[in-house]
Structures are given as structure tokens and as C-alpha cells.
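Analysis of the macromolecular model
For reference, the chains in residue letters:
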Amino acid sequence: MTALRRLAQSRFFRGVVAIAGGTAVAQAVGVLLSPIITRLYMPEAMGLWGLFVSFLGVAAVVATLRYEVAIVAASSEEDALALTRSSLVLGLVTGVLGAFVFELLRRGNLLGYGALPTWSSWLVFPALVALSWGMALRYYGVRQGAFGLVGRFTIMQGVARPLAQLLLAFLGGAGLLLGEALGRFLGLTALLKILPKAAGPWFRPEVLARYRIYPAVQLPSGFLNKLALLAPVPVFTALYGPAVGGSLALAQRVVGLPVSLIGTAVADVFYGQAAELAREKPRALRGFMIATALRLFLVALPFGLALWLLAPRLSTWIFGSAWEEAGRMMAIMAPWMVAQLAVSPVSRAVFLSRWSWVKFAYDVFSLLIFAFLITFRLDSREALIFLSWSSATLYGVYFLVLLLVVGPAMLLIDFDFRAGKGDHRG
């Protein structure tokens, strides 16, 4: 009981609860509306929505050149604010470039994007700007310890997106895309208020230059990581058709609920605490990481068993008769979800290590799984089984590697970004 009281009173636990509480409300609304949405939209429409969201997720990594990750680890509050403001400016520029790339994919009919309507390219700019701004402001909020505000932002976005898709269903499949873009803008005004009204330019290239290690090292890795996470829907759509891609999009949406609800909240707070430990008690970081991952695994295991046992039996009852295949996919993806929820939140510790390049190696191996699927053309069920277990195994190996690279001698402790030197205190 003493341990439980100590845990409940800790800043880490309160931060997780604040963010997870907001995420829980947002996800609860999404879950409640999903059975209605799946009866208003067919798998083909959901497949096109999955393509749109997959592109946004991958493009978002490039949108701020990974400078948002540097916000939490910045050596001063002045640098953190400059990085945040500069990331917002970068989001506008890359939003235009993202819309252009999306149109090229659509015109070339690559990975099934040719099935999307012409006007969808115009939606990419506002959706990508909102997504990149939300990421930068969220990290600044985490640095400031404003976990309650981050939670409220999550609620507003999480509720607005499915609600907009529901209200716009009279437009057909277009309602899914429009609802996704509109919903991402809500909540940004609240997060913008966290920025102090300091004088000076909003774009600071000299500050970005000092933190160039993040785009140089983390951008290629982050891009490949997002590509691997969001590749299933485009790859399965290209190989097996929009209906299979749509079923997988719904399956990913449901399977991702525990990761979004718990994993994102823990990841935000863990990264803030880990950065503090790296600066003040570097020897304690590895133990903190192991303890957090173990607790996450114990939370993830019941979710995984529930998916495996119940999803095939309940999917048609909850989502409608057209979604039977989605239920089977959810069960197959259970091991993947358990491993992702246990490892992914604590993997942000790699950003504090001088060996952060190991993440790039992990991301390359993640993409090689899809190269195998494209080359050998298994049937859709066998392909998903291979993808799920291969990804789960890779997460386990990556966690062991992470334990090696967060040792005290390998951390970016008191790193002087102006001189490019660091103190290797242990």
C-alpha cells in the first residue's frame, strides 16, 4: 500500500493520468461512434481514408525535421521556445511540399493512391500543418509540465475527428477525409496559448543549426519508422485491393486504441522524466526504463488476449456484417500490439543516447518485412500473420539493444550544442 501511495503521488504517475485521462475520453468517443461510422461507410471508403491518414503520418515526420523532439531535451528555455516557434514555421513550408508529393502519388497511382479524388490533395496542406503544429506544441507542453493542457488538446482533437466524419457522412466517402482534416485543427488554439509572448523572430535558423543532430540523425530514422508503422494499409491495398485495405484500416484503428490511450501518455511523460534523469541521475535511467516497460507489458497482455479471443466473435456484431474480416485481422495483430505497447513508449530514450543511430537500423529491418511481403506475395491472412509476429520479435530485440545504449557513458549529458561537445559523467 505504501508503494501504491508513493506511485500515486509521483509526478510521473500524475502526468500519465493527466494525458491518459484526456486520451481516454477522446478514445471513448471514438469507440462509441465507430459502430455508427462503419455502418455509414463501406470498407472501400475506409481504405481510401487509411491511405490518406497513412500519408499524413509519414509526412508529419518530415514536417518539422524532427526538431520537435529537441524541444524537450533543449539546454535552455530560450532554445526550447525558439525550436518550437521555428517548428511551426517549418510546418507551413513542408505542408505545401507534402501536398505536392501527395498529388504526385495520386497521379502516378502508386500504392493505390490513384483511387483518391483530385481534391484530396488540397486537404493535405491544412491537415499536415495542423498535425505538425500539434506535435511541436505538444512537446513544448510536455517540457513545461503542462500535462493537463496536453490532455485537453487530445480530447478536443479525438472527439472532433470522428464526430465530423459522422456529421459529414451525407457526402459519402469524402466525409471521412474532410472530417479527418477538420478535426485536427481543433485544440490548437489552446496549445498556442502556452507559448510566452516573447519578442524576436519566429524563425531562428542559428538555433536550428545548433540542434542539427536531430534532423541529421533522427529524421531518416523517424521517417523510416513511420513508414513501417503506416505501410500496412497502402501495401495491403496495393496487393489485395481497397476492401482488404479498408478492413485492415479499421483493424489498425481498433488495435491501436491501447497504444494511443496508454502508450502515448506514458511516452510523453517518460521522455520528460528520462531527459531529467539523464541530466541529473544518469545511472538511474536504465532501471527506470526497465520498470516502465515491464509495467506496460503487464497492462498490454490482457488487451492482447482480449483481442485474440473476442475480436473475431464480436466484430460483425459491433461494426456490421461487412467487417468480419477486420475482426480476424485484429486477432492476428494481438502479439504486435502487446510488443508495441510495451516497448514503443520507452524507446524515446534513444533520443538521449549518442548511439541513436541504432534506431535507424531497427527501422530498416522493419521495412525489410514489407519488402518480403511484396516479393513473395503471400495471401492476405498469411501476410498479416508474418507481419505481426515479425514486428513483435523485432520490438523485443530492439528493447534489448536500447538497454545497452542508455548506459551512463553513452548519454548526451549536458551536451553543449553550441560547441558540439558533451560531458560523459556517470
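Residues numbered from 1 in each chain as written. Predicted model: local features only at pLDDT ≥ 70, side-chain atom pairs only at ≥ 80, totals over all residues. Heavy atoms only, no water.

**Describing empty space enclosed by the protein**
- This model, assessed by the stated rule, comprises three cavities of 30 Å³ or more.
- Taken as a whole, the largest cavity spans an internal volume of roughly 110 Å³.
- Every residue lining the largest cavity is listed: Asn-225, Ala-228, Leu-229, Trp-336, Tyr-362, Ser-366, Ile-369, Phe-370, Leu-387, Ser-391, Leu-394 and Tyr-395.
- Only helix H11 (213–230), helix H17 (358–376) and helix H18 (380–405) provide two or more residues apiece to the lining of the largest cavity.
- Partitioned by chemical class, the residues of the lining of the largest cavity number nine nonpolar, three polar and no charged. (1 Å grid on protein atoms, 1.4 Å probe; cavity = no way out; pocket = protein on both sides within 12 Å on 5 of 7 lines; lining within 4 Å. Points joined across faces, edges and corners; volume = space filled by probe spheres on them. Helix = DSSP H or I, 4+ residues; strand = E, 2+ residues; numbered from the N terminus. Nonpolar A, V, L, I, M, F, W, Y, C, P; charged D, E, K, R; others polar.)

**A short note on the nonpolar core**
- In this structure, Leu-83, Met-289 and Met-330 are the most contacted members of the largest nonpolar core, which totals 125 residues.
- When residues no more than four places from it in sequence are discounted, the contact partners of Met-330 are Leu-250, Ala-251, Val-254, Val-255, Leu-307, Ala-311 and Phe-319. (Core = buried A, V, L, I, M, F, W, Y, C linked by side-chain atoms within 4.5 Å. Buried < 20%, exposed > 50% of the residue type's maximum accessible area, 1.4 Å probe, protein only. Contact = heavy atoms within 4.5 Å.)

**Quick look at the environment of Ser-347**
- Along the polypeptide, Ser-347 turns up in the loop between helix H16 (334–343) and H17.
- Between the alpha carbons of Ser-347 and Tyr-271 there is a distance of 9.0 Å; along the sequence they are 76 residues apart.
- Sequence-distant contacts of Ser-347, that is, excluding residues within four places in its chain, are made with Tyr-398 and Leu-402.

**Quick notes on the packing of helix H14 (residues 285–319) against helix H15 (residues 324–332)**
- Two elements in contact, H14 and H15, have axes separated by 7 Å at closest approach and are oriented at 160°. Considering their axes alone, H14 and H15 lie roughly antiparallel with respect to each other. Once H14 is placed against H15, the crossing between them reads as right-handed. Across the interface between the two elements, Leu-307, Trp-308, Ala-311, Pro-312, Ser-315, Thr-316 and Phe-319 from H14 touch Glu-324, Gly-327, Arg-328, Met-330 and Ala-331 from H15.
- When grouped by side-chain class, the residues that make up the contact of H14 with H15 number seven nonpolar, three polar and two charged. (Axes fitted to C-alpha atoms, helices over the stretch in contact; angles between N-to-C directions. Parallel < 35°, antiparallel > 145°, perpendicular 65-115°, else oblique. Left-handed = near helix turned anticlockwise from the far one by under 90°.)

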